[in-house]
Amino acid sequence: MAGKVKITQTASPIGRPSTQRDTLKALGLDKMNRSNVVEDTPSIRGMLRKVQHLIVVEPAK
């Protein structure tokens, strides 16, 4: 797991548990259709799995 991944928020955190909202903020996402590039580490993978229904993950170029 080396490199970076691009994450894009595709769904709203409204009505979601606060832990999921906090995870999106920690990933650098705050509004719909915003993207961020993050390191591909085991801790980031766990965060992505927690909010997988709210985001799209793709390899960074």
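Details of the structure are given in the entry above.
To keep things clear, this report deals only with the structure shown in the data block. From a predicted model like this one, the values you see are computed outputs, not experimental measurements. (Residues numbered from 1 in each chain as written. Predicted model: local features only at pLDDT ≥ 70, side-chain atom pairs only at ≥ 80, totals over all residues. Heavy atoms only, no water.)

**A word on the nonpolar core**
Val-5, Ile-7, Ala-11, Leu-24, Leu-27, Leu-29, Val-38, Ile-44, Leu-48, Val-51, Leu-54 and Ile-55 form the largest nonpolar core, which has twelve residues in total. When contributions to this core are tallied by element, the ones reaching two or more residues are β1 (4–9) and α2 (42–50). Not counting chain neighbours up to four residues away, the residues in contact with Leu-48 comprise Val-5, Ile-7, Leu-27, Ile-55 and Val-57. (Core = buried A, V, L, I, M, F, W, Y, C linked by side-chain atoms within 4.5 Å. Buried < 20%, exposed > 50% of the residue type's maximum accessible area, 1.4 Å probe, protein only. Helix = DSSP H or I, 4+ residues; strand = E, 2+ residues; numbered from the N terminus. Contact = heavy atoms within 4.5 Å.)

**Describing the sheet that holds strand β2 (residues 35–39)**
The strand order across the open sheet formed by three strands is β2-β1-β3, and the pairing between neighbours is antiparallel. At either margin of the open sheet sits one strand with a lone partner, and together these are β2 and β3 (55–59). In this sheet, neighbouring strand axes are inclined to one another by 30° on average, regardless of whether the strands run parallel or antiparallel. Sheet analysis places β1 next to β3, joined by five bridges and oriented antiparallel. Its bridge partner lying in β3, Thr-8 is registered against Val-56. Contacting β1, β2 and β3, α2 crosses the sheet at an angle of about 20° to β1. (Pairing = 2+ DSSP bridges. Axes fitted to C-alpha atoms, helices over the stretch in contact; angles between N-to-C directions.)

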